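Examination of the molecular architecture
Now for the letters of each chain:
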Amino acid sequence: MNTERNPERPESMMVDSASDNANRRPPIRVLVVEDSVSVREFLVYLFASDQEIQVIGTANNGEEALTAVQDSKPDVITMDIHMPKMDGYTATRVIMERFPTPVVIVTGSSSVREMATTIRALEAGALAIVKRPAGIGHPDHAATARELIQTVKLMSEVKVVKRWPQRRIAAEDGIKPLMPEPVRREVHLVAIGSSTGGPPVLQLLLSRLPKNFHVPIIIVQHIAQGFTEGFAQWLAESSGFPVSVAADGELMQPGHAYIAPHGFQTTVDSHGHITLQGSNPENGHLPSVSCLFRSVAEAFGAGAVGILLTGMGKDGAVELGLMKATGAITVAQDKESSLVHGMPGEAILLSAASYVLPPDKIADVLTNLTNHPSKIGE
């Protein structure tokens, strides 16, 4: 390499170049865990196309992944689910117990049942699930490859913590949480916004609601395209609470949760009907929490409860404040229990939350607030 100074190159350009090199962050170190040789090579090829990512190793199964994580200490792990010796679900759980590292599930599953099974990895501590990118030459290759790479970059910024084996949230250990001062009012709708780290929190909230819970719940959960149906099925089966994907024009029913589908902005009217609009993303999301919360504020005012759970960014934060201004009870998840405190943290900074609580107490607040049956449109 020629290191001599170029007399025709301005000194300021040399200084700027040196400064750029000094400020450039080190590449994101990725471990690829995949039992299929062809898929593994395909993923390595995709990551090699981005200068901000460096594949530091591969593993054929979960057992090899545990050794590689301990030896190499990657920044992010991409994990397959169905593998010999140790599957991705078990490997993720053990990794989060022993060597906490951001895990992104990369799956080729296509059926709703398979996707619902895959989503169980979120219970084990995985941060995100994405579909395996389409092959080179496929019309969707560029978009799906970009989604995977962007997800890996985002998840590399999450500071994960150790999960203790078989440890459950304190309320499930029989400890009764301290409650805010009870509020009595008629509640007609609960609206929830959730993102990174949200699925297990939603599972906990719904599982703790009483069987006679009489208020409809509508949820925006940021999740990759193609996983909404599987997510709704997993959430219903794991929580014991009725859950389905929202449909355009559907009338919400008491004691039922509705998941906003991918690719549509989801709104509600004062009669309890759901509207799906093929609109543009807001805050980078389609559906967005902001769009839902605005419609809830307009349609239900003081008859609503708004909840903003763990997640990156600020989607829904301003609009939670709008709900509060119309008289709604608003809740933000606290920092200690949030995997990522971006969305609820923004809401707290804006004084948009009536309460700041961990998930178990949020469930108790919902139960207390909805003691008195009411019907949508009253």
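These figures come from a predicted structure and were not determined experimentally.

Quick look at unusual backbone geometry now. Residue Leu 286 is joined to Pro 287 through a cis peptide bond whose omega torsion reads 15°. Relative to the helices and strands, Pro 287 is located in the loop between strand E11 (274-277) and helix H10 (289-300). Phi at Lys 73 is positive, roughly 50°, even though this residue is not glycine. Counting through the fold element by element, Lys 73 comes out in the loop between helix H3 (62-72) and strand E3 (76-79). For Ser 351, which is not glycine, the phi dihedral falls at a positive 60°. Residue placement: Ser 351 occurs in the loop between helix H12 (342-349) and strand E14 (355-357).

Taken in spatial order, the seven strands make up an open sheet running E8-E9-E7-E6-E12-E13-E14, and their pairing is parallel. Edge positions in the open sheet fall to strand E8 (243-245) and E14, since each of these has one partner strand only. Strand-to-strand, the axes of this sheet are offset by a mean angle of 20°, without reference to chain direction. Two strands pair when backbone bridges link them, and strand E6 (residues 189-194) and strand E12 (residues 304-308) are joined in this way by five bridges, in the parallel orientation. Considered in E12, the bridge of Ile 192 is made with Ile 307. The strands that helix H11 (residues 317-325) touches are E12 and strand E13 (329-333); relative to E12, the one it contacts most, it runs at about 155°.

Looking at the second largest pocket, its volume works out to about 1100 Å³. Along the wall of the second largest pocket there are 40 residues; nearest its centre are Glu 147, Thr 151, Ile 223, Ala 224 and His 285. When contributions to the lining of the second largest pocket are tallied by element, the ones reaching two or more residues are strand E5 (128-131), helix H7 (141-155) and helix H8 (198-208).

Here helix H2 (residues 37-48) is 12 residues long and its end C-alpha atoms lie 16 Å apart, about the 16 Å a rise of 1.5 Å per residue gives. All buried positions along H2 are accounted for by Val 39, Arg 40, Phe 42, Leu 43, Leu 46 and Phe 47. Taken around the axis of H2, the buried residues stretch over an arc of 160°, which confines them to a single face. Exposed side chains of H2 directed beyond 90 degrees from the buried face belong to Ser 38, Glu 41 and Ala 48. Next to the buried residues of H2 lie strand E1 (28-33), strand E2 (53-59), E3, strand E4 (103-107) and H7.

This part takes up the side chain of Gln 203. Mapped onto the elements of the fold, Gln 203 is located in helix H8. In this structure the side chain of Gln 203 is engaged in a polar contact, spanning 2.8 Å, whose partner is the backbone oxygen of Ser 238. Not counting the four nearest positions on each side in its chain, Gln 203 is found in contact with Trp 234, Leu 235, Ser 238 and Ser 239.

Next up on the list: the pattern of salt bridges. Applying the stated rule across the entire model yields six salt bridges. Across the pair Arg 208 and Asp 364 runs a salt bridge, and its minimum N-O distance is 3.0 Å. With a gap of 156 residues between them, Arg 208 in helix H8 and Asp 364 in helix H13 (residues 359-369) connect regions that are remote in the sequence. Using a relative accessible area of 25% as the deciding quantity, one classes Arg 208 as partly exposed. Taking the relative accessible area as the measure of exposure, Asp 364 reaches 10% and is therefore buried. For Glu 282, the salt bridge goes to Arg 294, with nearest N and O atoms at 2.8 Å. In this pair, Glu 282 sits in the loop between E11 and H10 while Arg 294 sits in helix H10, placing the two residues 12 residues apart along the sequence. By relative accessible area, which is 22% here, Glu 282 ends up partly exposed. A cluster of three or more residues bridged by salt bridges with shared partners is formed by Asp 50, Glu 52 and Lys 153.

On to the sheet that holds E4. The strand order across the open sheet formed by five strands is E2-E1-E3-E4-E5, and the pairing between neighbours is parallel. In the strand order of this sheet, the two ends are held by E2 and E5, each with one partner. The mean inter-strand angle of the sheet, taken between neighbouring strand axes irrespective of direction, is 25°. Bridge count for E1 against E2 is six bridges, and the pairing is parallel. Among the inter-strand pairings, Val 30 is bridged to a residue of E2, identified as Val 55. Each of E1, E2 and E3 touches H3; the most contacted strand, E1, lies at about 165° to it. In the packing of helix H4 (residues 88-98) onto the sheet, contacts are made with E3 and E4, and the angle to E3 comes to roughly 160°.

Reading guide: rules and limits
- Residues numbered from 1 in each chain as written.
- Predicted model: local features only at pLDDT ≥ 70, side-chain atom pairs only at ≥ 80, totals over all residues.
- Heavy atoms only, no water.
- Helix = DSSP H or I, 4+ residues; strand = E, 2+ residues; numbered from the N terminus.
- Pairing = 2+ DSSP bridges.
- Axes fitted to C-alpha atoms, helices over the stretch in contact; angles between N-to-C directions.
- Contact = heavy atoms within 4.5 Å.
- 1 Å grid on protein atoms, 1.4 Å probe; cavity = no way out; pocket = protein on both sides within 12 Å on 5 of 7 lines; lining within 4 Å.
- Points joined across faces, edges and corners; volume = space filled by probe spheres on them.
- Expected span 1.5 Å × (residues − 1).
- Buried < 20%, exposed > 50% of the residue type's maximum accessible area, 1.4 Å probe, protein only.
- Arc of directions from axis to C-beta.
- Polar contact = N/O pair within 3.5 Å; in protein donor to acceptor, adjacent residues only side chain to side chain.
- Salt bridge = Lys/Arg side-chain N within 4 Å of Asp/Glu carboxyl O.

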